[in-house]
Amino acid sequence: MNKERFGEIDVAETLVRLEGVAKSYRRGNQDIAVLDALNLNIERGDFLALMGPSGSGKSTLLNLVGGLDKPTRGSITVGDARLDQMSGGQLARWRAHHVGFVFQFYNLLGVLSAEKNVEVPLLLTKLSKAQRRKHVATALDVVGLADRARHKPSELSGGQAQRVAIARALVGDPDLLVCDEPTGDLDRSTADEILNLLQVLNRDHGKTIVMVTHDPKAAEAARQTLHLDKGKLVEAQGVAA
Amino acid sequence: MIQQIYAVTAMNLRSIPSRLGTSAVIVIGIAGVVGVMVALLAMGAGFQATLASTGEDDRAIVMRSGSLDELSSVVIREHAAILAEAPGVASNSAGEPLAIGELFMLTNVAKHDAVEPNNVVVRGTTPQVLNLRHEARLVEGRMFQPGVREVVVGIGAQRQFSGLQIGDLVEVREGAWPIVGVFETGGDVHESEIWVDREALVTASRRSAWNSVTVQLEDAASFTTFKDAITSDPRLKLQVQREPDYYASRSEAMGQMITGLGYTVAVIMGIGALFGALNTMYAAVATRTVEIATLRALGFGSVPVVISVLLEALVLALLGALIGGALAYLFFNGYSVSTLNFQTFSQVAFAFRVSGALLVQGMIVACLIGLVGGLFPAVRAARMPVADALRAS
Ligand SMILES: Nc1ncnc2c1ncn2[C@@H]1O[C@H](COP(=O)(O)OP(=O)(O)OP(=O)(O)O)[C@@H](O)[C@H]1O
Ligand SMILES: [Mg+2]
């Protein structure tokens, strides 16, 4: 699919397409609309930052793109998969192979070492033990943590833990990375390192990244930034292309 | 799928040490249920085994037709003499039939550390009884002498009651009779009895008829011949039972009561343990909401999550069952007690029997508690919407 890029520069291919997406939650007997009639295209190879006030629906939107949740209305297409039409089980299988998640608080499994944490998504594949080990080593290498493979999450700094989480998101080689405030729990310089890493993944490894952030400096690392307010995309700024 | 289940379960189990307190609730609760249940059932099993082991297939007990037990039966001497001559009855070396008419009465003896006296069976028999009940043998002292007011006591009765040593006096009828010997019968119900000479007892109790007649058959197959001869004889209104059948019937109701008690207590305690297990597993699931949601986000299905929570509950339950079963075995296996058999109004000494089958039953009960206790929390864990659960962090 991606091959055209080599011949013609910037033949944009849409990886994520949201059309007329609405999401509302039921609280008691009242529907609370979080997202409303939202349209969005994300091109393959993009690095998109999503900003907006708290409660504006950023995480909700990100969860829809990552297949963690289903829209109340509208269609969501990622690659050739119609996420809005999938069952829970189908979504789970789709997530296992097509998307990597990075969370604000890393969400590593406390009882497992770094390498075992990174290996977890591969348990859903048919890879042999040796193949899994190879993929894990490669992913840890990419995030620069090969020497911490045997450490437990409690023995890692916040930045290191987030690198492990990124390695876990990468290890299955998904096209799409979905990051909810990946630097929200980190200090400035550590956050910058993580943002650099994400840029490398986007630029050199061809990962399409959607990142929610409150931090304008983090948004600067992205290729473009979208603002969400009260469930609507209010403004789009192209930063780089 | 197996790989998923294995991975999630291994992770759950490895996090148990950090949740020792709540996990211990399941283990201890189930250990208690299994321990008490196994102990009570072992008591019922021991009681029934004692009575069921009494008697031999090639012996028969004859009582008045319609009598449920020896106490309510009467066999007059003439009839006893007739039945001793019936076909199928074995003879001794002197050519005399091996059949003994016996008296069956109760007397009061105090238990160890108890004030109120208890009923003990007094069996009036003859020194020939050692040939008839060949499992019986004297372990101390000597046999009573014919016509003399002397007593030999069963070793089970001696263990459970005070004042039953050789040389002690025991109230039988018309005063106290000296104990001259101690016998054993391989752990069956006769060991809880005291035996005296029947003619001495006839005089002292002013009775003339026997309560029952026990006969040695030529072989087990002769039972039908013997029974047919007795029941078809118009002079006799007697019933014939194989000894083991009779003694088993004497233990049924009592054994069932003890077993029923065991199950009742197990159910009540089991309900308590079940709530403990539910509580523990809900807590276990709650503390891992984010972990489970993370796994689901990474693409793990809900089935592995359910199964892993169930497996964790099962592992804890089995651990509890092992502890409870081991304690029951250590403290109660072979533990001797005596109790009133309300079917015969007499004390029976017996030992608890913690058998493999009972331990397996304990395991099964533990697994059931573990499964049910794990199921609801597991389903809740699996049903939690992933996106919501992730927000919980
Ligand atoms: N399961 C739910 N049930 C009811 N309301 C919900 C649920 N999930 C989210 N909401 C509501 O939806 C709105 C948007 O939530 P969302 O988490 O997407 O916001 P956000 O932009 O990510 O905010 P923040 O910057 O604080 O993370 C909020 O008002 C929130 O309370
Ligand atoms: Mg959010």
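These figures come from a predicted structure and were not determined experimentally.

J.: It is not clear to me how the nonpolar core should be interpreted in this structure. Could you clarify?
T.: For soluble globular proteins, the rule of thumb is that nonpolar side chains tend to be buried together. Residue and element names in this part refer to chain B. One finds Ile30, Phe47 and Met281 to be the most contacted residues of the largest nonpolar core, which totals 46 residues. Looking at this core, the elements with two or more residues in it are α2 (20-52), β1 (59-64), α8 (243-287), α10 (302-332), β12 (346-351) and α11 (356-383). The element best represented in this core is α2, accounting for 11 residues. In contact with Phe47, other than residues within four places in its own chain, are Ser251, Met254, Gly255, Ile258, Thr339, Asn341, Val348 and Phe350.

J.: Got a minute to help me understand the packing of aromatic side chains in this structure?
T.: One pair of aromatic rings is described through two measures. These are the centre distance and the angle between the planes. All names here are of chain B. By the definition in use, this model includes seven aromatic pairs over all chains. Plain terms: the ring middles of Tyr246 and Tyr247 are 4.9 Å apart, the flat faces sit at 70° to each other, and that makes the pair edge-to-face. This pair shows no difference in class: Tyr246 is buried, exactly as Tyr247 is. Taking 5.8 Å as the distance between ring centres and 80° as the angle between the ring planes, the aromatic pair formed by Phe332 and Tyr335 counts as edge-to-face. We classify Phe332 as partly exposed; its relative accessible area is 30%. One aromatic cluster in this structure is built from Phe332, Tyr335 and Phe352.

J.: Would you mind showing me how to read the packing of helix α1 (residues 2-14) of chain B against α10(B) here?
T.: If you want to describe how two helices pack, look at the angle between their axes and the distance between the axes. All names here are of chain B. At their nearest, the axes of α1 and α10 sit 8 Å apart, and the two run at 45° to each other. Between α1 and α10, the angle falls in the class oblique. The element α1 and its partner α10 pack so that their crossing is right-handed. Where α1 approaches α10, its residues Gln4, Ile5, Val8, Thr9, Asn12 and Leu13 are matched on the opposing element by Pro304, Ile307, Ser308, Val309, Leu311, Glu312 and Val315. Its residues assigned to classes, the contact of α1 with α10 shows eight nonpolar, four polar and one charged.

J.: Can you walk me through the site of ligand 1 in this structure?
T.: Surveying the vicinity of ligand 1 reveals 15 residues, the closest of which are A:Ser54, A:Lys58, A:Ser59, A:Thr60 and B:Arg391. In the environment of ligand 1, an oxygen atom lies 3.0 Å from a nitrogen or oxygen atom belonging to the backbone of A:Gly57. Side-chain polar atom of A:Thr60 to an oxygen atom of ligand 1: 2.5 Å apart, as the coordinates give it. For ligand 1, whose unbound accessible area comes to 640 Å², protein coverage reaches 73%.

J.: For this particular structure, what's the right way to read the pairing of strand β3 (residues 117-125) of chain B?
T.: For a regular strand, side-chain orientation follows a simple rule: the groups alternate between the two sheet faces. Residue and element names in this part refer to chain B. Most of β3 is tucked away: seven of the nine residues are buried. Strand direction decides the pairing type here: β3 and strand β8 (residues 194-197), joined by four bridges, are parallel. Bridge assignment links Arg123 to a residue of β8, and that residue is Trp195.

J.: Would you mind showing me how to read the interface of chain B and chain A here?
T.: A common way to state how big an interface is: give the accessible area lost once the parts meet. Every contact between the two is made by 20 residues of chain B and, on the other side, 24 residues of chain A. With both chains or domains summed, chain B and chain A bury close to 1900 Å², and 63% of this area falls on carbon and sulfur atoms. There are zero salt bridges connecting chain B and chain A. On the surface where chain B and chain A come into contact, there are four residue pairs in polar contact (both at pLDDT 80 or more). Listed by contribution, the elements that provide at least two residues to the side of chain B that touches chain A are α1, α9 (289-297) and α12 (386-391) of chain B. Here the side of chain B that touches chain A takes six residues from α9(B), the largest share from any one element. In the side of chain B that touches chain A, the residues fall into 10 nonpolar, six polar and four charged.

J.: So what exactly am I meant to see when it comes to the environment of A:Val78 here?
T.: Tracing the sequence through the fold places A:Val78 in strand β4 (residues 73-78). Not counting the four nearest positions on each side in its chain, A:Val78 is found in contact with A:Leu15, A:Val16, A:Val65, A:Leu83, A:Trp94 and A:Leu176.

J.: Explain the environment of A:Ala191 to me, please; I cannot follow it from the model alone.
T.: Residues and elements named next belong to chain A. Among the structural elements, Ala191 can be located in helix α7 (residues 188-204). Considering only alpha carbons, one finds Ala191 and Gly159, 32 residues apart in sequence, at a separation of 7.4 Å. Ignoring any residue separated from it by four or fewer positions in sequence, one finds Ala191 in contact with Thr183 and Leu186.

J.: Looking at this structure, I do not really get the side chain of B:Asp188. What am I missing?
T.: All names here are of chain B. Looking at where Asp188 falls in the secondary structure, it is placed in the loop between β7 (176-184) and β8. No salt bridge is formed by the buried Asp188; the nearest opposite charge belongs to Arg59, separated by 5.9 Å. Of note is the side chain of Asp188, whose polar atom sits 2.5 Å from the side chain of Thr185. At 2.9 Å, the side chain of Asp188 forms a polar contact with the backbone nitrogen of His190. Non-local contacts of Asp188, meaning those with residues more than four positions away in its chain, are made with Thr50, Ser53, Thr54, Gly55 and Glu135.

J.: Would you mind going over helix α3 (residues 77-84) of chain B with me for this structure?
T.: Because the α-helix completes a turn every 3.6 residues, residues three or four places apart line up on one side. All names here are of chain B. Residues His79, Ala80, Leu83 and Ala84 constitute the buried set of α3. Summarising the axial view, the buried residues of α3 lie within an arc of 140°, below the 170-degree limit, and thus occupy one face. In this structure, the buried side of α3 is in contact with β1, β2 (99-110), β9 (212-216), α7 (222-232) and β10 (238-242).

J.: Honestly, the sheet that holds β4(A) in this entry has me stumped. Any pointers?
T.: Within a beta sheet, neighbouring strands are joined by backbone hydrogen bonds and run either parallel or antiparallel to one another. Residues and elements named next belong to chain A. Strands sit in the order β2-β1-β4-β5 across an open sheet of four strands; the sheet is antiparallel. Of all the strands in the sheet, just β2 (30-43) and β5 (81-82) have a single pairing partner and so form its edges. The pairing of strand β1 (residues 14-27) with β2 spans 10 bridges and is antiparallel. Residue pairing for β2: Lys23 is matched across the bridge by Leu35. Sitting on the sheet, helix α2 (residues 58-65) is in contact with β1, β2 and β4, with an inclination near 125° to β1.

Rules used in this analysis
- Residues numbered from 1 in each chain as written.
- Chains lettered and ligands numbered in written order.
- Predicted model: local features only at pLDDT ≥ 70, side-chain atom pairs only at ≥ 80, totals over all residues.
- Heavy atoms only, no water.
- Core = buried A, V, L, I, M, F, W, Y, C linked by side-chain atoms within 4.5 Å.
- Buried < 20%, exposed > 50% of the residue type's maximum accessible area, 1.4 Å probe, protein only.
- Helix = DSSP H or I, 4+ residues; strand = E, 2+ residues; numbered from the N terminus.
- Contact = heavy atoms within 4.5 Å.
- Phe/Tyr/Trp six-rings, centres within 6.5 Å; stacked < 30°, edge-to-face > 60°.
- Axes fitted to C-alpha atoms, helices over the stretch in contact; angles between N-to-C directions.
- Parallel < 35°, antiparallel > 145°, perpendicular 65-115°, else oblique.
- Left-handed = near helix turned anticlockwise from the far one by under 90°.
- Nonpolar A, V, L, I, M, F, W, Y, C, P; charged D, E, K, R; others polar.
- Near = heavy atom within 4 Å.
- Polar contact = N/O pair within 3.5 Å; in protein donor to acceptor, adjacent residues only side chain to side chain.
- Areas by Shrake-Rupley, 256 points an atom, 1.4 Å probe, with all protein chains shown as cover.
- Pairing = 2+ DSSP bridges.
- Buried area = accessible area lost by both parts, 1.4 Å probe.
- Salt bridge = Lys/Arg side-chain N within 4 Å of Asp/Glu carboxyl O.
- Lys, Arg positive; Asp, Glu negative; His and termini not counted.
- Arc of directions from axis to C-beta.

Nothing here speaks to function; it is all geometry.
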